[in-house]
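# Secondary and tertiary structure notes
Residue strings, one per chain:
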Amino acid sequence: MQIPENITKHHGIEASALGQVGADEPADYCGLDSWRPLIGAALLLLRHTDENVVRIMTGTHTILVMRNAERQAAAVVVTGNPISKSLPRMLRGALNMTKRPRRATPEIQEQAPA
């Protein structure tokens with residue numbers, strides 16, 4: 001299980017995690033180590049609620065935590081960063097990565113001149 005590059009490489013996301021629901025530690029973590037305990041606490045908070053999405057504001061940063069039936073994901077951004085609009089969609093994509101990729105469209109064959 002690996003966090004997609006569109007999350008790990010984005011300059012507005014300071015830390016991210018991806019793991020199985022119910023696990024004590026996320027299977028994959030990327031970002032500053034100082035965020036690891038807070039992301040762990042946010043995942044624990046998510047475990048104790050019936051919600052699938054929890055947003056935690058900690059001063060100048062926001063932690064977004066999401067889960068589906070088998071996986072959970074978290075990310076830390078600076079509050080007010082424009083990426084916060086796209087972050088829920090990006091985390092949903094990370095949670096649903098088990099789906100097969102779309103099939104490549106068949107190349108259009110050029111017709112031979114008559």
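Residues numbered from 1 in each chain as written. Predicted model: local features only at pLDDT ≥ 70, side-chain atom pairs only at ≥ 80, totals over all residues. Heavy atoms only, no water.

## Some details on the sheet that holds strand 2 (residues 28-31)
Stated precisely, the cut-off is as follows: DSSP calls a pair of strands paired once it identifies at least 2 bridges connecting them. Helix numbers and strand numbers start at the N terminus; a helix is a DSSP run of H or I with at least 4 residues, a strand a run of E with at least 2. Axis geometry follows a simple rule: fit a line to the C-alpha atoms, using only the stretch in contact for helices, then measure angles between N-to-C directions, giving values from 0 to 180 degrees. Should any heavy atoms of two residues lie within 4.5 Å, those residues are considered in contact.
Taken in spatial order, the 5 strands of this open sheet run 2-1-5-4-3, and their pairing is antiparallel. Two strands lie at the open edges of the sheet, namely strand 2 and strand 3 (53-58), each paired on one side alone. Ignoring which end each strand starts from, the neighbouring axes of this sheet average 10° apart. Relative to strand 5 (residues 71-78), strand 1 (residues 13-20) runs antiparallel, the two sharing 7 bridges. Bridge pairing links Ile13 to Val77 in strand 5. The strands that helix 2 (residues 36-47) touches are strand 1, strand 2, strand 3, strand 4 (61-67) and strand 5; relative to strand 4, the one it contacts most, it runs at about 45°.

## Quick notes on helix 2
This is how it is decided: The span one expects for a helix is its residue count, reduced by one, times 1.5 Å. Throughout this description, buried means an accessible area under 20% of the type-specific maximum (1.4 Å probe, protein chains only), exposed means over 50%, and partly exposed covers the range between. It is the directions from the helix axis to the C-beta atoms whose arc is reported.
When the terminal C-alpha atoms of helix 2 are compared, their 17 Å separation across 12 residues agrees well with the 16 Å that a helix rising 1.5 Å per residue should span. Within helix 2 the residues assigned to the buried category are Ile39, Ala42, Leu43 and Leu46. In a view along the axis of helix 2, the buried residues occupy a sector of 100°, so they form one face of it. Contact partners of the buried residues in helix 2: strand 1, strand 2, strand 3, strand 4 and strand 5.

## Some points on the environment of Ala27
Locating Ala27 in the fold gives a position in the loop between strand 1 and strand 2. Sequence separation between Ala27 and Ala17 is 10 residues, and the spatial gap between their C-alpha atoms is 7.6 Å.

## Some details on the confidence of the model for the chain
Rules: What pLDDT expresses is the predictor's confidence in each residue, scored from 0 to 100.
This prediction gives the chain a mean pLDDT of 84; 84% of its residues lie at or above 70. By mean pLDDT, helix 1 (residues 5-8) is the weakest element of the chain at 82, and strand 4 is the strongest at 94.

## Some points on the nonpolar core
Spelled out, the test is: The set of buried Ala, Val, Leu, Ile, Met, Phe, Trp, Tyr and Cys residues whose side-chain atoms join them within 4.5 Å is what this entry labels a nonpolar core.
Formed by 15 residues in total, the largest nonpolar core has its most connected members in Ile7, Ile13, Leu87 and Leu91. Mapped onto this core, the elements with two or more residues apiece are strand 1, strand 4, strand 5 and helix 3 (87-95). Here this core takes 5 residues from helix 3, the largest share from any one element. With sequence-adjacent residues up to four places away left out, Ile7 is seen in contact with Ile13, Ser16, Met90, Leu91 and Ala94. With 13 residues, the next largest nonpolar core counts Ala17, Tyr29, Ala42 and Leu46 among its residues.

## What to know about the pairing of strand 5
Each regular strand shows side chains that alternate between the opposite faces of the sheet. Among the 8 residues in strand 5, 7 count as buried, and that is most of the element. One ladder, built from 7 bridges, connects strand 4 with strand 5; its direction is antiparallel. Across the sheet, residue Met66 finds its bridge partner in strand 5, namely Ala73. In this antiparallel pair of consecutive strands, strand 4 and strand 5, the connection spans 3 residues.

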